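Residues per chain are reported as follows:
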Amino acid sequence: MMATFVLIHGAGDVGWYWHLVEAELHARGHDAISPDLPCDDDSAGLPEYADAVVGAIGDRTDLIIVAQSFGGFTAPLVCDRVAARLLVLVAPMIPAPAEAPAGYSARTRYEEETRDHYDDAIALFYQDVPPELATEALKRARAQSEVRMGEPSPLRAWPDVPTRVLICRDDRMFPAAFLRRVAQERLGIIPEEIDGGHTPALSRPHELADRLEAYAAEQGLFAHPSLAAQPDSP
């Protein structure tokens, strides 16, 4: 038995962001999909983002929902509608029930965090991504519509799904100290950590795939070789 991963990208991005992780997971025998969200569509809000993901899932079951950054607003809505077994938030925004995305910074006290400021997108998001990949990511990026970001999320409560938070120690967008605090305050979770900046699916796809596999195996969603039963001791 292998696992099924649903990979949700962040703001102003496309499913291509996950292509290296998706390839890693496919090579290991897993199913993985990374749909494009309608983030450049002024008529689309969080319900439509969730619709796009649910439509891509189809009749798949026993799902691991994985969300990057702003994808954290979409992921719990998806978990309320599909057969999700695990939710993994990577370098995430972690919404509170009924919270509007536009209010997230104020409600999480983001501006109070000590952090450096970067005007260059590569320096902020892709500092440890190979230059050719960072350039391609910028070419594929889309303008994030802000028209409906002031609308409250339809989320009423955090889904009853095991949740993991994975943060990046060198994240310049959401510093590790900020995410440790928000994960504790909002979910009561101590995040796990990896090295790297805000976009580990491009900078560390193998390591990220390893983490996702391990999380899935811990939930019994597939038989990981390293967790296989050992012979009894004599």
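Scroll up to find the structure.
Caption draft 1: Region of the structure containing the environment of Asp-40. Relative to the assigned elements, Asp-40 resides in the loop between strand 2 (31-33) and helix 2 (46-57). Looking at Asp-40, the relative accessible area reads 43%, which means it is partly exposed. In this structure, the C-alpha to C-alpha distance between Asp-40 and Ala-84, residues 44 residues apart in sequence, is 27 Å. Apart from the residues lying within four places of it in its own chain, the contact partners of Asp-40 are Arg-142, Ala-143 and Ser-145.

Caption draft 2: Structural view of helix 2. Compared with an ideal rise of 1.5 Å per residue, which puts twelve residues at 16 Å, helix 2 spans 17 Å between its outermost C-alpha atoms and is within 8% of the ideal. Regarding helix 2, the residues found buried are Leu-46, Tyr-49, Ala-50, Val-53, Val-54 and Ile-57. Considered in projection along helix 2, the buried side chains sweep an arc of 130 degrees and stay on one side of the axis. Looking at the packing, one finds that the buried side of helix 2 touches strand 1 (4-8), strand 2, strand 3 (63-68) and helix 3 (71-79). Just past helix 2, the residue Gly-58 takes up positive phi, approximately 65 degrees.

Caption draft 3: Broad picture of the nonpolar core. Ranked by size, the top nonpolar core spans 41 residues in total, and within it Ile-8, Tyr-49, Ile-57, Ile-65, Val-78 and Val-82 carry the most contacts. Counting residues per element, the ones that place at least two in this core are strand 1, helix 2, strand 3, helix 3, strand 4 (84-90), strand 5 (163-168) and helix 7 (176-187). A per-element tally of this core places helix 2 first, with six residues. Every residue in contact with Ile-57, bar those within four places of it in the chain, is listed here: Val-6, Ile-33, Leu-63, Ile-65, Val-78 and Val-82. Among the nonpolar cores identified, the runner-up in size contains 34 residues, and Leu-166, Leu-202, Ala-209 and Leu-221 belong to it.

Caption draft 4: Structural view of the sheet that holds strand 5. The six strands lie next to each other as 2-1-3-4-5-6, forming an open sheet whose pairing is parallel. Taken across any chain shown, the strands that pair with only one partner, and hence form the sheet edges, are strand 2 and strand 6 (192-194). The mean angle between the axes of side-by-side strands here comes to 20 degrees, regardless of whether they run parallel or antiparallel. Here strand 4 pairs with strand 5 via four bridges, running parallel. Paired with Val-88 across the two strands is Arg-164, which belongs to strand 5. In this fold helix 2 packs onto strand 1, strand 2 and strand 3, with an angle of close to 155 degrees to the strand it touches most, strand 1.

Caption draft 5: Inspection of the environment of Ala-214 at higher detail. Checked against the element boundaries, Ala-214 lands in helix 9 (residues 205-218). Of the residues examined, Ala-214 reaches a relative accessible area of 28% and is grouped as partly exposed. Residues Ala-214 and Ala-67, spaced 147 residues apart in sequence, show a C-alpha to C-alpha distance of 16 Å.

Caption draft 6: Structural detail: the packing of helix 1 (residues 19-27) against helix 9. With their axes 9 Å apart at the nearest point, helix 1 and helix 9 run at an angle of 55 degrees to one another. Relative to helix 9, helix 1 is oriented oblique. In this structure, helix 1 crosses over helix 9, and the sense of that crossing is right-handed. Residues Leu-20, Val-21, Glu-24 and Leu-25 of helix 1 pack against Pro-205, His-206, Leu-208, Ala-209, Leu-212 and Glu-213 of helix 9. Class assignment for the residues of the contact of helix 1 with helix 9 results in seven nonpolar, one polar and two charged.

Caption draft 7: Region of the structure containing the pairing of strand 4. Within strand 4, six of the seven residues are buried, which leaves the element mostly enclosed by the surrounding structure. As judged from the six bridges shared by strand 3 and strand 4, these two strands associate in the parallel manner. In the sheet register, Ile-64 faces strand 4, and the bridge partner there is Leu-86. Read from strand 3 through helix 3 to strand 4, the crossover connection turns out right-handed.

Calculation notes
In this convention, every chain numbers its residues from 1, walking through the sequence in written order. pLDDT decides what is reported in this predicted model: residues at 70 or higher carry local features, side-chain atom pairs at 80 or more are listed and counted, and totals for whole chains, interfaces and linings draw on all residues regardless. Each side-chain value is derived from all of the structure's non-hydrogen atoms; neither hydrogens nor water enter the calculation. Strands are runs of DSSP state E lasting at least two residues, helices are runs of H or I lasting at least four, and both sets are numbered from the N terminus onward. Relative accessibility decides the category of a residue: with a 1.4 Å probe and only protein chains considered, values under 20% of the type maximum give buried, values over 50% give exposed, and everything between is partly exposed. Any two residues whose heavy atoms approach within 4.5 Å at even a single point are treated as in contact. To estimate how far a helix should extend, the number of its residues minus one is multiplied by 1.5 Å. It is the directions from the helix axis to the C-beta atoms whose arc is reported. Put simply, buried Ala, Val, Leu, Ile, Met, Phe, Trp, Tyr and Cys residues joined by side-chain atoms within 4.5 Å make one nonpolar core. One bridge is not enough; two strands pair if DSSP finds at least two bridges between them. Fitted lines through C-alpha atoms serve as axes, helices being fitted only where they are in contact, and the angles separating the N-to-C directions of these axes extend from 0 to 180 degrees. When an angle is under 35 degrees it counts as roughly parallel; over 145 it counts as roughly antiparallel; between 65 and 115 it counts as roughly perpendicular; any other value is oblique. Should the near helix be turned anticlockwise from the far one by less than a right angle, the crossing is left-handed, and should it be turned clockwise, the crossing is right-handed. Throughout, the ten residues Ala, Val, Leu, Ile, Met, Phe, Trp, Tyr, Cys and Pro are labelled nonpolar, Asp, Glu, Lys and Arg are labelled charged, and all others, Gly among them, are labelled polar. Place the viewer so that the strands point away; then a crossover is right-handed whenever the path from the first strand over the helix to the second strand goes clockwise.

Interpretation in functional terms is not warranted from these geometric data alone.
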